Each structure stands twice: as structure tokens, then as C-alpha cells.
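Per-entry structural report
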Amino acid sequence: KECFYLAFEEEIHETIVHEKLFHRGDKVAIGASGGKDSTVLIHVLKALNERYDYGIELFLLSVDEGIKGYRDDSLETVSRNEQQYEIPLKVVSYKDLYGYTMDEIVAQIGLKNNCTFCGVFRRQALDRGAVLLEANKIVTGHNADDIAETVFLNVLRGDFPRLTRCTNSITGEGGPLPRCKPFKYTYEKEIVMYAFHKKLDYFATECIYSPQAYRGVAREFIKDVELVEPVCILNTIISGDEMKLGNELKPLQVQGECTKCGYITSQKVCKACKLLEGLNLRRASGRM
């Protein structure tokens, strides 16, 4: 076990150093959901920061989507993590930021596109929470399996600009809040083993709305391919790293500010405000 722990942690340290994820003095907000990935991320980052003297300041940042029977329970786990690791915690909620909980949104729109709403709102909520913490970087527990799934999702959607950058270990480098993925080369099964044998305190229940998620299609496909080709996940990530946009394709749009909320966006009005506008119209018309 001890050999596995050390190899696991050193692999992540190598990713951090090689990809230059942190610099001394960084204030780093860890996206903490209470699940296995974020809990292991908290545990390992704290250990590596002390072992190798990264000189970074860590914070826990959680988003309360407002899903009864799921997020309220997982936030209790995050609260325990705050005490266990002695890292300050900040919680931001959809209700406070947008005026809706996910339960209320699903009651309006059903289960067809609920993950779209949640993904857009969560990304913005993490950024807003990080600003409140005065953090200059966000780290998430996205692992190799997650990144490989994202590659295939972008292929299925024909989203080639995102396809060329979705495997990056750092995204948004030119903006005020870069996002880092220390688990880029770490398999989900390794994270599960580490959490289990270390007896870490984490929340294991899946989101009650996630069975309808489109991501599940890519996940099942990758698992089937992995049975035949065990290295397909890492090969997918390597392929993503090697992809470049051709000169004939349209360059990435310039980032600006949303005219309604001031959030960073490449459009006049950000996606979150557009989604909120639709929800408010449905509410005003009494459609449920």
C-alpha cells in the first residue's frame, strides 16, 4: 500500500511540476464537491504542498446547486473536510447567485437539458466564489477518464475549437482565473483505490439527475473500448494534446464582459444570463 500511495502522489507531483501548474504565492481554490475526486485532490495537494514547499495557499470552494437528498448531504462531507484538513471553506449557491435551485429548474424544464443549465451555472459559480476568496487559480478533480470523455463529447458535438484545448492541464491562462487539472494523467480507478485504502471521508452517491446526462454515452463507449485496449484513455488524451487548429478555421473569439452581469464571455450576453432569461420568461408565463 505504501508503495502505491507514494507512486500515486509522485505521479501527481510530476504533473504539477512538468505542467507548471502553480507558482509560489498562488492562492488556489480547490473545487470541493465532497466526492472521491475532490476529496483525494484536497488530501494530496495539502500533502504535496507541505512535502515540496510549493508555497501556495489553499482554500476549499463548494457550489450548492440546491439538489435535495444529494448536494445537502455532500456539503456535510465538505464541512468535515474543512475541519480534517484545516483549510478554509467557502460555499456559494445557485439560489443566491441566480435566484433558482436546480430542483426548481428541473421542475420547470424537466430532465432533458438540466445538465446544460447546471454546467453553465456551476462554472460561473466557481469563478465567482474564487473571486470572493481572492484566489488566482482554481483546481478541479477532473481525472484522465473525465478528460477522455470530454474529447469524445466534443467530437460528437463537432466542437473542434474546444476539442483542441480540452486536454490542456491549464485552461484560461490568459484570463484572471486559470483552471488547473493535476489529475490529468490519473485514472479514476487509481483515485478510487487511493481513497478506499486511505479511508478518506467522501460522499459516494451520484447526482440524482445525472443518469440523463449526455456524458454517459461517452463514458460507456470508453469503458467498452478500454476492455479491448487498456491504454485507450491515455492515448485519447495524448491525441487531444497533439491536435491543432488549421489555419483555415476561425480563430477563438476574444473574451469580453457580459453586458448584463459583467461575467467573462466571448458573446455580448453570457450563456448563464441567456439561460436565466428563458427561466424567468417561463416563470412569468406560469409554465411548469
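Structure report, in brief. (Residues numbered from 1 in each chain as written. Predicted model: local features only at pLDDT ≥ 70, side-chain atom pairs only at ≥ 80, totals over all residues. Heavy atoms only, no water.)

What about helix α3 (residues 71-85)?
In this model, α3 (15 residues) spans 21 Å end to end at C-alpha, consistent with the 21 Å of a helix rising 1.5 Å per residue. Those residues of α3 not exposed but buried are Arg71, Ser74, Leu75, Thr77, Val78, Asn81 and Tyr85. All buried residues of α3 fall inside an arc of 155 degrees around its axis, so they share one side. Contact partners of the buried residues in α3: α2 (36-52), β2 (57-64) and β3 (89-93). Immediately beyond the C-terminal end of α3, within one or two residues, lies Glu86, with a positive phi of roughly 55 degrees. (Helix = DSSP H or I, 4+ residues; strand = E, 2+ residues; numbered from the N terminus. Expected span 1.5 Å × (residues − 1). Buried < 20%, exposed > 50% of the residue type's maximum accessible area, 1.4 Å probe, protein only. Arc of directions from axis to C-beta. Contact = heavy atoms within 4.5 Å.)

Topic: the packing of helix α7 (residues 144-157) against helix α10 (residues 215-228)
As a packed pair, α7 and α10 sit with axes 9 Å apart at the nearest point and diverge in direction by 110 degrees. On the basis of their axis angle, the class for α7 and α10 is roughly perpendicular. Regarding α7 and α10, the two cross each other, and that crossing is right-handed. On α10, the residues touching Asp145, Asp146, Ala148, Glu149, Thr150, Phe152 and Leu153 of α7 are Arg215, Ala218, Arg219, Phe221, Ile222 and Lys223. Grouping the constituent residues of the contact of α7 with α10 by class yields six nonpolar, one polar and six charged. (Axes fitted to C-alpha atoms, helices over the stretch in contact; angles between N-to-C directions. Parallel < 35°, antiparallel > 145°, perpendicular 65-115°, else oblique. Left-handed = near helix turned anticlockwise from the far one by under 90°. Nonpolar A, V, L, I, M, F, W, Y, C, P; charged D, E, K, R; others polar.)

Describing the packing of α7 against helix α11 (residues 232-242)
Orientation of α7 relative to α11, taken along the N-to-C sense of each, is 60 degrees, at an axis distance of 9 Å. In this view, α7 runs oblique relative to α11, as classed from their interaxial angle. The interaxial crossing formed by α7 with α11 has left-handed handedness. When α7 is examined against α11, the residues Ala144, Asp145, Ile147, Ala148, Val151 and Phe152 are found in contact with a partner set consisting of Ile233, Thr236 and Ile237.

Here's the deal with the pattern of salt bridges
Under the criterion given, the structure shown has 21 salt bridges. Among the salt bridges present, the one from Arg215 reaches Glu149, with a minimum N-O distance of 3.2 Å. Within this pair, whereas Arg215 is found in helix α10, its partner Glu149 is found in helix α7, the two being separated by 66 residues in sequence. For Glu149, a relative accessible area of 3% gives the class buried. (Salt bridge = Lys/Arg side-chain N within 4 Å of Asp/Glu carboxyl O.)

Things to note about unusual backbone geometry
One non-glycine residue, Asp53, lies in the positive phi region at around 50 degrees. Topologically, Asp53 is positioned in the loop between α2 and β2. A relative accessible area of 47% places Asp53 in the partly exposed class.

Notes on the packing of aromatic side chains
According to the stated counting rule, one finds 14 aromatic pairs in the structure shown. With a centroid separation of 5.7 Å and 80 degrees between ring planes, the pair formed by Tyr5 and Tyr194 is classed as edge-to-face. Here Tyr5, found in helix α1 (residues 2-18), pairs with Tyr194, found in helix α9 (residues 188-197); they are 189 residues apart in sequence, far enough to count as distant. A relative accessible area of 7% places Tyr5 in the buried class. Judged by centre distance (6.0 Å) and plane angle (55 degrees), the ring pair of Tyr70 and Phe203 falls under tilted. Here Tyr70, found in the loop between β2 and α3, pairs with Phe203, found in the loop between α9 and α10; they are 133 residues apart in sequence, far enough to count as distant. One exposure class covers both Tyr70 and Phe203, and it is buried. A connected cluster of aromatic rings, assembled from ring pairs, spans Phe4, Tyr5, Phe8, Phe183 and Tyr194. Directly above the ring of Tyr187 sits Lys189, whose terminal nitrogen or CZ lies 6.0 Å from the centroid. A cation over an aromatic ring shows up here: Lys198 above the ring of Tyr5, its NZ or CZ 4.4 Å from the ring centre. (Phe/Tyr/Trp six-rings, centres within 6.5 Å; stacked < 30°, edge-to-face > 60°. Lys NZ or Arg CZ within 6 Å of the ring centre and 35° of its normal.)

A short note on the pairing of β3
Note that β2 and β3 share five bridges and pair parallel. Bridge assignment links Leu60 to a residue of β3, and that residue is Leu89. Where the polypeptide runs from β2 across α3 and back to β3, its parallel neighbour, the crossover connection is right-handed. (Pairing = 2+ DSSP bridges. Right-handed = clockwise from strand over helix to strand, strands pointing away.)

Concerning the nonpolar core
Of all hydrophobic cores here, the largest spans 35 residues; its most connected members are Tyr94, Met102, Ile105, Phe121, Ala130 and Leu279. Take this core: its biggest share by element is seven residues, from helix α6 (residues 114-133). Filtering out sequence-adjacent residues up to four positions away, Met102 remains in contact with Glu65, Gly66, Ile67, Tyr94, Asn114, Cys118 and Tyr209. (Core = buried A, V, L, I, M, F, W, Y, C linked by side-chain atoms within 4.5 Å.)

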